[in-house]
Amino acid sequence: MAKHSPVVGRYVTIDVDGYEYKVFYLRNGTGVPLVCQHTAGCHNHQWRGLLEDPEITANYDVIAYDLARHGKSDPPTNREWWKEEYLLTAEHFMNFITIFCEALELERPIFMGSSFGGNVALQLALHHPDKFRAVIPVEAAEHAPGFFLDLWRHPHANAAQVCASGVWDLMAPQSPEMDRWQTWHYYTQGAEVFKGDLHFYSVDHDMRGQLGNIDTRRCPVIMMTGTYDYLTPPDATENTARQIPGGIYIEMEDIGHFPMSENYPLFAVYLKEALHIIENKTASSAPA
Amino acid sequence: MVMSVRDWAVRFSEASDRDQTIGAMAKYFTCTYLWDMGTAKVIVEMIDGKVYRINVDPAPMDAYDFALRASPQTWREFARPIPAPMFHGIWSASFRRDLKIEGNTLALMQNLRNFTVQFELLRKVGVPV
């Protein structure tokens with residue numbers, strides 16, 4: 001008897017700023033839409049544990065897409081993309097997400113992303129608070145300089161291994177070896193876009209001085225960071241959350257920068273706490 | 001009691017040469033690097049995935065491709081079975097602690113997969129400081 005997963009994959013074609021993208025996404029569950037963004041240079045398999053977690057999917061419609069140029073989402077089909085350097089910007093990233101959610105006719109989803117996905121979650125809370133029920137920025141901060149490096153795609157090195165082993169110690173040594181190597185394997189597959197993603201992460205994303213303008217009554221912000229994250233260490237996230245009026249920070253012990261992928265059972269404990277907070281906040285703010 | 005650097009070199013060579021993860025992709029793992037632990041310094045010469053030589057008493061003009069330099073305390077933290085946060089790798093310690101990575105970093109990147117595995121052998125082998 002074949003062992004099928006309840007997770008189903010589909011493609012949807014969208015137009016973002018004149019770029020035509022055929023976007024691949026995985027989906028499972030029923031209830032409040034929970035849209036998930038993978039980390040830079042990676043793809044939606046990072047959310048494999050969440051997508052198959054029956055405790056979550058009983059109440060949430062979990063959707064994990066591949067950002068354009070990642071995984072099974074191709075580069076733009078209407079552009080000679082190979083003739084220009086890929087440098088992701090906050091505006092294009094946000095437009096991609098909001099248009100993707102509109103294409104799927106999602107009603108005020110919760111948005112969760114890790115690393116550069118966490119940083120764009122902060123951007124969405126500031127610029128599109130009414131389009132999202134809440135955001136969960138994971139491993140995020142107001143500013144994350146230092147990772148926009150030429151070494152990620154240097155022609156004299158094996159870029160797949162450089163990217164995969166370069167992020168190896170973003171994970172906690174306690175995380176299961178199988179999951180860490182699985183994450184390593186994913187990272188061998190995105191070497192050509194990693195640096196371009198990091199243009200957003202380390203260069204274009206800079207929310208210093210803007211966090212006070214986030215209205216968490218319209219869009220609650222629940223930030224979570226692992227203690228082994230050296231890129232956005234816990235104090236960076238905590239400092240970010242503290243500047244957001246009503247912002248909440250949850251510290252995750254003994255886990256790193258890819259919590260959903262490197263140790264899902266541990267991440268799930270914290271995620272359920274975050275979702276519970278959102279349930280309470282959105283229930284109390286719903287119109288009578 | 002701190003192990004001697006000579007004993008460390010023997011243990012490290014054996015651990016590296018027997019490591020299956022390195023052995024699975026060892027063919028072109030070739031580079032020479034310095035580990036400066038403050039009170040001990042070694043130059044490890046790798047050829048095709050095997051430890052060819054460990055110089056336990058480097059002279060000033062002895063050559064290497066790249067170097068990792070940190071305090072003895074940081075190297076002792078690297079060698080814990082489960083290192084504390086920010087001591088759990090060369091990237092974390094260079095971003096957040098006193099580890100300095102110097103020299104030809106491209107050579108490090110060319111060998112990064114195996115070098116990273118080899119660095120974590122310190123958790124089993126220990127350090128001579």
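Just above, that's the structure.
Residues numbered from 1 in each chain as written. Chains lettered and ligands numbered in written order. Predicted model: local features only at pLDDT ≥ 70, side-chain atom pairs only at ≥ 80, totals over all residues. Heavy atoms only, no water.

A.B. asks: Teacher, can you tell me more about the overall build of chain B here?
C.D. replies: When you go through chain B residue by residue, the secondary structure sums to seven helices and five strands. Scanning chain B from its N terminus toward the C terminus, one meets helices and strands in the order α-α-β-β-β-β-α-α-β-α-α-α. Against the compact-globule benchmark of 14 Å for 129 residues, chain B has a radius of gyration of 13 Å, which places it among compact chains. With respect to the three principal axes, the spread of C-alpha positions in chain B is 35 × 30 × 25 Å. Residue burial in chain B is summarised as follows: out of 129 residues, 52% are buried. Counted over contacts in chain B with a minimum sequence separation of 6, partners at least 24 positions apart contribute 65%. Accessible surface, chain B: about 6200 Å² in total, of which carbon and sulfur atoms supply 52%. Taking the 16 positively charged and 14 negatively charged side chains of chain B as two groups, their mean positions are separated by 5 Å. (Helix = DSSP H or I, 4+ residues; strand = E, 2+ residues; numbered from the N terminus. Rg over C-alpha atoms; globule rule 2.2 N^0.38 Å. Buried < 20%, exposed > 50% of the residue type's maximum accessible area, 1.4 Å probe, protein only. Contact = heavy atoms within 4.5 Å. Areas by Shrake-Rupley, 256 points an atom, 1.4 Å probe, with all protein chains shown as cover. Lys, Arg positive; Asp, Glu negative; His and termini not counted. Charge placed at Lys NZ, Arg CZ, Asp CG, Glu CD.)

A.B. asks: Mind showing me how you'd approach unusual backbone geometry here?
C.D. replies: Most of the time, phi is negative for any residue but glycine, and the peptide bond is trans. In this structure, Glu139 of chain A takes a positive phi of about 55 degrees despite not being glycine. Following the sequence through the fold, Glu139 of chain A ends up in the loop between β6 (134–138) and α5 (159–166). Residue class for Glu139 of chain A comes out buried when judged on its relative accessible area of 0%. Phi at Asp48 of chain B takes a positive value of approximately 50 degrees, unusual for a residue other than glycine. For Asp48 of chain B, the position within the fold is in the loop between β2 (41–47) and β3 (50–55). On the basis of relative accessible area, Asp48 of chain B is assigned to the partly exposed category, the value being 44%.

A.B. asks: So what exactly am I meant to see when it comes to the nonpolar core here?
C.D. replies: Most often, soluble globular proteins keep nonpolar side chains buried together rather than apart. Within the largest apolar cluster, 111 residues are counted, with the highest numbers of intra-cluster contacts made by Trp8, Trp35 and Trp75 of chain B. In this structure, Trp35 of chain B is in contact with Trp8, Phe12, Ala40, Lys41, Val42, Leu68, Trp75, Phe115, Phe119 and Leu122 of chain B, ignoring residues within four places of it in sequence. Ranked by size, the runner-up nonpolar core spans 31 residues in total, among them Leu26, Val62, Ala64 and Ile278 of chain A. (Core = buried A, V, L, I, M, F, W, Y, C linked by side-chain atoms within 4.5 Å.)

A.B. asks: Please clarify how the side chain of Ser92 of chain B should be interpreted in this entry.
C.D. replies: Take Ser92 of chain B: it is sitting in helix α4 (residues 90–96). A distance of 3.4 Å separates a polar side-chain atom of Ser92 of chain B from the backbone oxygen of Met86 of chain B. A polar atom in the side chain of Ser92 of chain B sits 3.0 Å from the backbone oxygen of Gly89 of chain B. Setting aside residues no more than four positions away along its own chain, Ser92 of chain B makes contact with Asp169 and Tyr230 of chain A together with Met86, Phe87 and Arg97 of chain B. (Polar contact = N/O pair within 3.5 Å; in protein donor to acceptor, adjacent residues only side chain to side chain.)

A.B. asks: Would you explain the sheet that holds β2 of chain B in this entry?
C.D. replies: Hydrogen bonds between backbone groups are what pair the strands of a sheet, and the pairing can be parallel or antiparallel. Residues and elements named next belong to chain B. Read from one edge to the other, the open sheet built from five strands follows the order β3-β2-β1-β4-β5, with strand pairing classed as mixed. Edge positions in the sheet fall to β3 and β5 (100–103), since each has one partner strand and no second. Going across the sheet, the axis of each strand differs from the next one's by a mean of 20 degrees, ignoring polarity. Here five bridges tie β2 to β3, and the two strands are oriented antiparallel to one another. If you follow Ile47 over to β3, its bridge partner there is Lys50. Relative to the sheet, helix α1 (residues 5–18) contacts β1 (31–36), β2 and β3, its axis offset from that of β3 by approximately 170 degrees. (Pairing = 2+ DSSP bridges. Axes fitted to C-alpha atoms, helices over the stretch in contact; angles between N-to-C directions.)

A.B. asks: Any chance you could explain the pattern of salt bridges here in plain terms?
C.D. replies: For side chains bearing opposite charge, pairing can occur when the charged atoms are close. By the definition in use, this model includes 19 salt bridges over all chains. Put simply, Lys272 of chain A and Glu55 of chain A hold a salt bridge, and the shortest N to O gap is 3.2 Å. You can see Lys272 of chain A sitting in helix α10 (residues 264–285) and its partner Glu55 of chain A sitting in helix α2 (residues 54–57), a full 217 residues away along the chain. Of the charged contacts, one joins Arg123 of chain B and Glu120 of chain B as a salt bridge, the two residues approaching to 3.6 Å between their closest N and O atoms. The buried category is assigned to Glu120 of chain B, whose relative accessible area is 19%. (Salt bridge = Lys/Arg side-chain N within 4 Å of Asp/Glu carboxyl O.)

A.B. asks: What's the story with the interface of chain A and chain B in this structure? I'm lost.
C.D. replies: How big an interface is tends to be stated in terms of the accessible area lost upon association of its parts. Chain A puts 25 residues into the contact, and the matching count from chain B is 24 residues. Summed over both sides, the interface of chain A with chain B buries roughly 2000 Å², with 69% coming from carbon and sulfur. Its largest share of buried area at the contact with chain B, chain A owes to Asp169, Tyr228 and Tyr230 of chain A, together 27% of the area lost on that side. The interface formed by chain A and chain B includes zero salt bridges. Joining chain A to chain B, the criterion identifies ten residue pairs in polar contact (both at pLDDT 80 or more). The set of elements that each furnish at least two residues to the side of chain A that touches chain B consists of α5 and α6 (177–187) of chain A. Residue composition of the side of chain A that touches chain B, by class: 15 nonpolar, eight polar and two charged. (Buried area = accessible area lost by both parts, 1.4 Å probe. Nonpolar A, V, L, I, M, F, W, Y, C, P; charged D, E, K, R; others polar.)

A.B. asks: So what exactly am I meant to see when it comes to a negative patch on the surface here?
C.D. replies: Together, Asp15, Asp17, Glu20 and Glu91 of chain A make up a region of like negative charge exposed at the surface. Looking at Glu91 of chain A, the relative accessible area reads 56%, which means it is exposed. (Patch = residues over 30% accessible without salt bridge, like charges linked within 9 Å, V, L, I, M, F, W, Y side chains within 5 Å.)

A.B. asks: Teacher, can you tell me more about the side chain of Thr237 of chain A here?
C.D. replies: Residue and element names in this part refer to chain A. Mapped onto the secondary structure, Thr237 falls in helix α8 (residues 234–243). Judged by relative accessible area, which is 0%, Thr237 ranks as buried. Here Thr237 is in contact with Ala140, Met223, Thr225, Thr232 and Tyr249, once residues within four sequence places are set aside.

A.B. asks: I'm lost on α1 of chain B in this one. Help?
C.D. replies: Along an α-helix, residues three or four apart share an orientation, since each turn contains 3.6 residues. Residues and elements named next belong to chain B. Between its first and last C-alpha atoms α1 spans 20 Å; for 14 residues at 1.5 Å apiece the expected length is 20 Å, and the two agree. Among the residues making up α1, those that are buried are Trp8, Ala9, Phe12, Ser13 and Ser16. For α1, the arc enclosing every buried residue in end-on projection is 130 degrees, short of the 170-degree limit, so these residues lie on one face. Lining the buried residues of α1 we find α2 (20–23), β1, β2, β3, α6 (112–119) and α7 (122–125). (Expected span 1.5 Å × (residues − 1). Arc of directions from axis to C-beta.)

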